[in-house]
Amino acid sequence: MSGLRLFNLKGDVTEVVPRLAEVEADVQYLVEAHMEAMLGVTFLASEYSTGPVHGGRVDSLGIDENGAPVVVEYKRSTDPGVTNQGLFYLAWLMDHRDAFRRLVRDGLGAQAAGRVRWSAPRLICVAGDFTRYDLHAVREHRNSIDLVRYRIFGDEHFGMETVASAGGTRVPARVGRRRATARKGAERPDGAMGEMAAAVDEVLLGLGEGVTKVENQTYTAYQRLQNFACVCPRKSRLLVYLKASPAEVELVPGFSRDVTGLGHHGTGNLEVRLHTERDLERAQELFRMSYAAA
């Protein structure tokens with residue numbers, strides 16, 4: 001399973017014999033307990049009732065790092081209905097925005113509730129495997145969908161691998177795919193910084209398959225399942241925030257710094273400042289580290 005990430009809830013990685021969960025509820029419990037680390041999604045509710053008329057229950061509801069509402073559906077093994085079931089609940093969510101806002105307000109506060117990005121709702125399906133029909137649905141559907149294969153390793157490790165990912169409007173295949181948004185994008189720099197921003201965009205989108213791009217008012221995020229880079233334009237430089245651990249890199253004054261605990265736009269604790277093409281060249285290894293970490 002190439003690209004598989006293993007979690008033992010302490011950040012360690014190991015290799016042991018994989019297996020499926022005994023029951024679906026075990027998968028749900030593990031992901032809900034560590035949703036932010038695994039998916040980059042803040043957990044909000046489990047088995048959320050859609051009411052007597054709709055007659056269903058959403059496995060998990062959450063909100064991602066960029067404010068997008070997220071529906072998570074689970075299956076123990078392979079179930080050809082998982083994608084359609086998830087899309088069914090995603091449609092319900094879009095028709096019941098007030099209920100979701102209340103959920104966010106109760107859990108995260110009024111400010112977070114006011115920043116929900118309704119332009120880019122997401123569906124994440126976590127299952128033992130997927131059918132070719134699921135893969136086709138992801139390619140063709142206009143919504144943001146991630147199909148994630150899981151395995152359990154021993155008694156303490158949980159592995160996840162993104163099988164397919166799509167985010168609506170696409171960019172050319174050589175540089176990945178773009179997740180559409182109706183919100184005004186981040187300010188675009190002109191001149192030399194504009195050229196730098198375009199070069200950074202191509203590098204980040206070209207790091208691997210399944211990279212999507214989300215434009216917010218103050219930053220542009222690049223995602224796998226979760227953000228691995230957030231680009232904030234400034235007049236004379238680009239600030240890039242990465243998921244790579246600041247403790248694992250050599251910090252260079254004026255180029256990189258640890259911003260853990262410091263307020264900034266986007267997500268990530270490693271800040272990289274790009275002024276020149278040379279800065280971009282030496283930043284690329286940090287970009288790859290962050291991509292791997294996400």
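Cut-offs applied
- Residues numbered from 1 in each chain as written.
- Predicted model: local features only at pLDDT ≥ 70, side-chain atom pairs only at ≥ 80, totals over all residues.
- Heavy atoms only, no water.
- Buried < 20%, exposed > 50% of the residue type's maximum accessible area, 1.4 Å probe, protein only.
- Helix = DSSP H or I, 4+ residues; strand = E, 2+ residues; numbered from the N terminus.
- Pairing = 2+ DSSP bridges.
- Contact = heavy atoms within 4.5 Å.
- Phe/Tyr/Trp six-rings, centres within 6.5 Å; stacked < 30°, edge-to-face > 60°.
- Lys NZ or Arg CZ within 6 Å of the ring centre and 35° of its normal.
- Polar contact = N/O pair within 3.5 Å; in protein donor to acceptor, adjacent residues only side chain to side chain.
- Arc of directions from axis to C-beta.
- Axes fitted to C-alpha atoms, helices over the stretch in contact; angles between N-to-C directions.

With that settled, the discussion passes to the pairing of strand 12 (residues 238–242). One face of the sheet, then the other: side chains in a regular strand alternate in exactly this way. The buried fraction of strand 12 amounts to 5 of the 5 residues, a majority that puts the element mostly inside the structure. Of the two faces of strand 12, the one lined by L238, V240 and L242 and the one lined by L239 and Y241 are each fully buried. Of the strand pairs in this sheet, strand 11 (residues 227–233) and strand 12 are connected by 5 bridges, and their pairing is antiparallel. Across the sheet, C230 pairs through a bridge with Y241, a residue of strand 12. Taking the residues between adjacent antiparallel strands as the criterion, strand 11 and strand 12 are bridged by 4 residues. Looking at chain direction, strand 12 and strand 14 (residues 270–274) are connected through 5 bridges and run antiparallel.

Here we come to the pairing of strand 5 (residues 69–74). Of all 6 residues in strand 5, 6 are buried; the element is thus mostly enclosed. By the alternation rule, side chains of strand 5 split into P69, V71 and E73 and V70, V72 and Y74, which are all buried. Here 4 bridges tie strand 4 (residues 57–64) to strand 5, and the two strands are oriented antiparallel to one another. Along strand 5, the bridge assignment pairs I63 with P69. What sits between strand 4 and strand 5 in their antiparallel hairpin is a turn of 4 residues, with G67 showing a positive phi close to 90 degrees. As defined by bridge partners, strand 5 adjoins strand 6 (residues 122–127) across 5 bridges and the pair is classed as parallel. Of the residues in strand 6, the one forming a bridge with E73 is C125.

Note that F100 resides in helix 5 (residues 97–108). Residue classification places F100 among the buried positions, given a relative accessible area of 2%. Placed 31 residues apart in sequence, F100 and P69 show a C-alpha to C-alpha distance of 8.2 Å. Those residues within four positions of F100 in sequence are excluded, and the remaining contacts are L44, G62, I63, P69, L93, V116 and W118.

What follows deals with the packing of aromatic side chains. Within this structure, the stated rule accounts for 5 aromatic pairs. Measuring from centroid to centroid gives 5.7 Å for Y150 and F158, while their planes differ by 10 degrees, and the two rings are stacked. Take Y150 and F158: they sit in the same class, and that class is buried. For the ring pair F228 and Y291, a centre distance of 5.4 Å and an interplane angle of 90 degrees mean the geometry is edge-to-face. Of this pair, F228 sits in strand 11 while Y291 sits in helix 9 (residues 277–293); the two residues are 63 residues apart in sequence, bridging distant segments of the chain. It is R224 that lies over the ring of Y291; its NZ or CZ is 4.0 Å from the centre. In this structure, R282 is placed above the aromatic ring of F255, and the distance from its NZ or CZ to the ring centre is 3.9 Å.

Position of D201 relative to the elements: it lies in helix 8 (residues 191–205). At 2.6 Å, the side chain of D201 and the side chain of K213 are in polar contact. Apart from residues lying up to four places away in sequence, D201 is in contact with K213 and Y222.

Moving on, we get to helix 1 (residues 24–33). For helix 1, the set of buried residues is V27, Q28, V31 and E32. Looking straight down helix 1, one finds its buried side chains confined to an arc of 120 degrees; they lie on one side.

Attention shifts here to the sheet that holds strand 11. Read across the open sheet, the 6 strands follow the order 9-10-11-12-14-13; overall the sheet is antiparallel. Both outer strands of the open sheet, strand 9 (212–215) and strand 13 (256–258), are each paired with one neighbouring strand and no more. Going from strand to strand, the sheet's axes swing by 20 degrees on average, the running direction of each strand aside. The sheet strands contacting helix 9 are strand 11, strand 12 and strand 14, and the helix crosses strand 14 at an angle near 155 degrees.

Further remarks concern the environment of V70. As for its placement among the helices and strands, V70 is situated in strand 5. Taking the C-alpha atoms as reference points, V70 and F43, 27 residues apart in sequence, are found 9.2 Å from one another. Excluding its chain neighbours within four sequence positions, the residues that come into contact with V70 are V41, S60, L61, G62, I63, D64, R122 and I124.

Nothing here speaks to function; it is all geometry.
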